[in-house]
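# Secondary and tertiary structure notes
The primary structure of each chain is shown beneath.
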Amino acid sequence: MTPPDFGRFFLPGPTEVHPDILAAMQRPMIAHRGQDMSNLLAGMQPGLQKLFRTARPVLIGTCAATGFMEMAIRSGVRHRVLSLVGGAFGHRFAAIARSCGRDVVQLDVPLGKTVEPDMLRDALQRSQVDAVTLVHSETSTGALAPLEELAPVVREFDDIVLLVDAVTSMAGSPVETDAWQLDFVLTGSQKALALPPGLALAAASEKMIQRAQDVPERGAYLDVVAYDEAARNNQPTNTPAISFLYALDAQLKRIEENGGIEPRWERHRAMRERVEQWVDDKSATLGLGFLPVQDRRSWTVSCVTLPDGKNGRSVAQQCRERGWTIGSGYGDLKEKTIRIGHMGDHTPDGVDQVLAVLEEVLR
Ligand SMILES: *Cc1c(COP(=O)(O)O)cnc(C)c1O
């Protein structure tokens, strides 16, 4: 098989960036306090709001997604937070909260599992918290939390804000910021948006902004109140990564030209289904399985379990020798699983190709 120019890099972040996007980044600089910058930021808002499914301004930061996780904690948690943990990124949210001096109540589920509504209600009845952190698509295990059902449970309680890491769900599967009444939803540029790493994006509810105004020592660089005000005025907070804004602008236009966000979700669903079908077909001959159960599988990253005698790291290495990149497992799952990042600008046909390579390696 002749490998294609685009479509051989299936890491679950960063993802492969389309040549048109890389080209858009070559444009010359503009003044960050000038009219051109305001126009650029204002021009992106409608596309960003469609992406986040929100009428709120979308905040753009020059940092890794982890920066906005810290924003969520520093601006959104008064004293104590309930952190839902089913993998490495759930852990990270809890660790950030601890490092910012907040009390953390941790609700752990086994790797590959998700917190379910009854468990969440029970945990909230037992502990007084003022915020909940949740990872929608846990990239380390490929598990997708039932966010649409969990969000109403949080609202059964008074004065709790829901802080959502949607880093690998946003732009790849439904995230309904307003309809699900999410207080803070964040993502990064290098996952399902298929941009180079370097930007964080978020939407903050009115309730989140009011909460933040009462939280002292939110810090300066990642203060959600400052970001909200700047976004409403089509201004950056500080000198932004201008070249990355060009890339975002170009990608929002590409998404619009390709029919908007819903066909993008459908393409991701189709990619997940290709992997599911393949694992089903090969479970007997190759001894493969899916880590998360059906209906709890991320649309953007598939975590596939390997039979005894196969090692995730060497499987990924053997793919690399053939010119293709997939992810090994993450953390404790490094050896026992592989992860295929089928997100961003990848296609179902491209997924078929990487699966064919994998099959060769696993046989
Ligand atoms: C990649 C990822 C992050 C961290 O993103 P950075 O940009 O590296 O900070 C956080 N959460 C999830 C679910 C991720 O997949």
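Notes on the structure follow.

### Section: the overall build of the protein chain
Assigned secondary structure in the protein chain consists of 12 helices and 14 strands. The C-alpha radius of gyration computed for the protein chain amounts to 20 Å, which stays within 12% of the reference 21 Å derived for 363 residues, consistent with globular compactness. Along the first, second and third principal axes, the C-alpha atoms of the protein chain reach 60 × 55 × 30 Å. By the burial criterion, 58% of the 363 residues in the protein chain qualify as buried. Expressed as a percentage of contacts within the protein chain between residues at least 6 apart in sequence, the contacts between residues at least 24 apart total 72%.

### With respect to the sheet that holds strand 5 (residues 131-135)
Spatial ordering of the open sheet is given by 2-10-9-8-5-3-4, a layout of 7 strands whose pairing is mixed. One side of each edge strand has no neighbouring strand; the edge strands of this open sheet are strand 2 (58-61) and strand 4 (103-108). Taken pair by pair, the neighbouring strands of this sheet meet at an average axis angle of 20 degrees, ignoring direction. Alignment of strand 3 (residues 80-85) against strand 4, held across 6 bridges, turns out to be parallel. Looking across to strand 4, one finds that leucine 82 is bridged to valine 105. Those strands touched by helix 3 (residues 65-76) are strand 2, strand 5, strand 8 (161-165), strand 9 (184-188) and strand 10 (200-204), and its axis lies near 165 degrees from that of strand 9. Against the sheet, helix 6 (residues 147-155) makes contact with strand 5 and strand 8, and its axis sits at roughly 155 degrees relative to strand 8, the strand it touches most.

### Here's the deal with the sheet that holds strand 11 (residues 289-290)
In space, the 5 strands of this open sheet follow the order 1-13-14-12-11, with mixed pairing throughout. The sheet is open, and its two edges are formed by strand 1 (9-10) and strand 11, each paired on a single side. When strand 1 meets strand 13 (residues 325-328), the two strands line up parallel, connected through 2 bridges. Looking at the pairing, phenylalanine 10 lines up with isoleucine 326 of strand 13. In the packing of helix 11 (residues 312-321) onto the sheet, contacts are made with strand 13 and strand 14 (337-341), and the angle to strand 13 comes to roughly 170 degrees. Contacting strand 1, strand 13 and strand 14, helix 12 (residues 348-362) crosses the sheet at an angle of about 155 degrees to strand 14.

### Quick look at the site of the ligand
Taken together, 14 residues are adjacent to the ligand, and Thr66, Thr139, Asp165, Gln190 and Lys191 come closest. Contact distances for the ligand include 2.8 Å between an oxygen atom and a backbone N or O atom of alanine 65. Interatomic distance of 2.5 Å between a side-chain N/O atom of threonine 139 and an oxygen atom of the ligand. Contact with the protein chains removes 88% of the 380 Å² of surface that the ligand exposes when unbound. Those elements giving two or more residues to the shell around the ligand turn out to be helix 3 and helix 4 (88-99). For the shell around the ligand, the leading source of residues is helix 3, giving 3 residues.

### Describing the packing of helix 3 against helix 4
It is the contact of helix 3 with helix 4, at a shortest axis distance of 9 Å, that shows an interaxial angle of 50 degrees. Judged by the inter-axis angle, helix 3 sits oblique to helix 4. The way helix 3 lies across helix 4 gives a crossing that is right-handed. Facing Thr66, Met69, Glu70, Ala72 and Ile73 of helix 3, the residues of helix 4 in contact are Phe89, Arg92, Phe93, Ile96 and Ala97. Grouping the constituent residues of the contact of helix 3 with helix 4 by class yields 7 nonpolar, 1 polar and 2 charged.

### Examining the pairing of strand 3
Most of strand 3 is tucked away, with 5 of its 6 residues classed as buried. The parallel pair strand 3 and strand 4, bridged by helix 4, forms a crossover whose chirality is right-handed. Pairing geometry for strand 3 and strand 5, over 3 bridges, is parallel. Each residue of the ladder has a partner; that of leucine 82, found in strand 5, is valine 132.

### Details of the pairing of strand 14
Consecutive residues of a regular strand have side chains that alternate between opposite faces of the sheet. The element strand 14 is largely enclosed, with a buried count of 5 among its 5 residues. Burial along strand 14 is two-sided: Thr337, Arg339 and Gly341 facing one way and Ile338 and Ile340 facing the other are all buried. Judged from the 5 bridges that link them, strand 12 (residues 301-305) and strand 14 form a sheet pairing that is antiparallel. When the sheet's bridge partners are listed, valine 304 is paired in strand 14 with isoleucine 338. Two elements, strand 13 and strand 14, share 2 bridges in a ladder whose sense is antiparallel. Bridge pairing links serine 328 to isoleucine 338 in strand 14.

Cut-offs and rules
Residues numbered from 1 in each chain as written. Predicted model: local features only at pLDDT ≥ 70, side-chain atom pairs only at ≥ 80, totals over all residues. Heavy atoms only, no water. Helix = DSSP H or I, 4+ residues; strand = E, 2+ residues; numbered from the N terminus. Rg over C-alpha atoms; globule rule 2.2 N^0.38 Å. Buried < 20%, exposed > 50% of the residue type's maximum accessible area, 1.4 Å probe, protein only. Contact = heavy atoms within 4.5 Å. Pairing = 2+ DSSP bridges. Axes fitted to C-alpha atoms, helices over the stretch in contact; angles between N-to-C directions. Near = heavy atom within 4 Å. Polar contact = N/O pair within 3.5 Å; in protein donor to acceptor, adjacent residues only side chain to side chain. Areas by Shrake-Rupley, 256 points an atom, 1.4 Å probe, with all protein chains shown as cover. Parallel < 35°, antiparallel > 145°, perpendicular 65-115°, else oblique. Left-handed = near helix turned anticlockwise from the far one by under 90°. Nonpolar A, V, L, I, M, F, W, Y, C, P; charged D, E, K, R; others polar. Right-handed = clockwise from strand over helix to strand, strands pointing away.

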